[in-house]
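A structural walkthrough
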Amino acid sequence: MVGPERPQFVLFGSSIVQYSFSNQGWGAILADLYARKADVLLRGYAGWNSRRAVQILDQIFPKDAAAQPSLVIVYFGGNDSMRPHPDGLGPHVPLPEYIENMRKIALHLKSLSAKTRIIFISAPPISEQQIRETLGDIIPDRSRTNEGCRIYSEACLELCRELDVKAIDLWTAMQQRDDWLTACFTDGIHLSSEGSKIVVKEILKVLREAEWQPSLYWKSLPAEFGEDLFLDVNTPNGNITVKAADLDFYRNDKWE
């Protein structure tokens, strides 16, 4: 553990999470936004489904940990939604089991701490044509469909309403963009930088609107050692003195 202790944000899920620090991904964007404010921890496992996630919950999120996460963002569903393989292998999880697995994950995370907040991300849409073009030799045709993602997405959202867990309807959010089929994926499944921007905007919207105390919105959290260094900055209106922690050379209002 490297100190001082900061809030921990854990990203937990399958490849959409594991790869979220590549291709200017949503995990990397969050880590940048929360620099000096929170530690963004990656717990992503490509190929996993909700069944495997439930099996290792206690190892990733032990209830007796000295410090519990302030926020856990969870994504499972895309792999679960794949059609079952004839030999019984593969990542498919039947819908009723998927719902119960996600329920177990939510209840376990709720039991960690009264201040542990949770956001579930539903299955995003997919580009079936792009999958055929880029992953046709790996993924059998029609084994993963946009309709299947919709069904599992809606089941996740309904469960979140039942359990009072914050949720992001990524299946719908991504399709609000006219060119989503060609712009939002690297291979038809995994997110491009444009797809990741949608995820970030949806996460920040939840964090901004949530009535959580303390707020976990990036503009609300104090910067670590924010009081230590002041700089004189020359502006068109003359010299002003600002905190170094408040300087922002790279971000802009797109991440409101």
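Residues numbered from 1 in each chain as written. Predicted model: local features only at pLDDT ≥ 70, side-chain atom pairs only at ≥ 80, totals over all residues. Heavy atoms only, no water.

Our working rule: UniProt positions are given in the numbering used here, feature names are shortened, and annotations may be inferred rather than shown by experiment.
The protein chain carries the name SGNH hydrolase-type esterase domain-containing protein in an unreviewed UniProt entry, which gives Acer negundo as its organism. Check the Sequence similarities (unreviewed entry) section of the UniProt entry for the protein chain; it says "Belongs to the 'GDSL' lipolytic enzyme family."

**What about the nonpolar core?**
Rules: Grouping buried Ala, Val, Leu, Ile, Met, Phe, Trp, Tyr and Cys residues that are joined through side-chain atoms within 4.5 Å yields what is termed a nonpolar core. Residue burial is assigned from relative accessible area. The probe radius is 1.4 Å, only protein chains are included, and a residue is buried under 20% of its type maximum, exposed over 50%, and partly exposed in between. Note on conventions: DSSP H or I runs of at least 4 residues are helices, E runs of at least 2 residues are strands, and numbering of each starts at the N terminus. We call two residues in contact when some of their heavy atoms are within 4.5 Å.
In terms of nonpolar packing, the biggest core is built from 37 residues, with Trp26, Tyr34 and Leu207 touching the most fellow members. Of all the elements in the fold, those that place two or more residues in this core are β1 (8-13), α1 (15-18), α2 (26-33), β3 (71-75), β4 (117-121), α8 (170-174) and α10 (193-209). With 7 residues, α10 is the largest single contributor of residues to this core. Apart from the residues lying within four places of it in its own chain, the contact partners of leucine 207 are Tyr34, Leu71, Ile119, Trp212, Ser215, Leu216 and Tyr217.

**Quick look at the pattern of salt bridges**
Here is the rule: Salt bridges are counted wherever a side-chain nitrogen of Lys or Arg sits within 4 Å of a carboxyl oxygen of Asp or Glu.
Enumeration over the complete set of coordinates arrives at 11 salt bridges. Across the pair glutamate 154 and arginine 150 runs a salt bridge, and its minimum N-O distance is 3.0 Å. You can see glutamate 154 and its partner arginine 150 sitting in helix α7 (residues 146-163), 4 residues apart, about one turn around the helix. With a closest N to O distance of 2.9 Å, arginine 161 and glutamate 158 form a salt bridge. With arginine 161 and glutamate 158 both in helix α7 and 3 residues apart, this pair spans about one turn of that helix. Here glutamate 158 falls in the partly exposed class, since its relative accessible area comes to 44%. Three or more residues joined by partner-sharing salt bridges are found here, namely Arg177, Asp179, Glu194 and Lys197.

**Remarks on the packing of aromatic side chains**
This is how the line gets drawn: By convention, a stacked pair of Phe, Tyr or Trp rings (six-membered ring in the case of Trp) has centres within 6.5 Å and planes under 30 degrees apart, an edge-to-face pair has planes over 60 apart, and any other such pair is tilted.
Overall, the coordinates contain 7 aromatic pairs when judged by the stated rule. Ring centres of phenylalanine 12 and phenylalanine 76 lie 5.1 Å apart, and the angle between their planes is 80 degrees; on these two criteria the pair is classed as edge-to-face. Of this pair, phenylalanine 12 sits in strand β1 while phenylalanine 76 is found in the loop between β3 and α5 (95-110), placing the two residues 64 residues apart along the sequence. Of the two residues, phenylalanine 12 and phenylalanine 76, neither departs from the other in class, the shared state being buried. Where tyrosine 45 meets tryptophan 48, the ring centres are 4.2 Å apart and the plane angle is 15 degrees; that geometry is what we call stacked. In textbook terms, an aromatic cluster arises when at least three aromatic residues are bridged by ring pairs, as seen for Phe12, Phe61 and Phe76.

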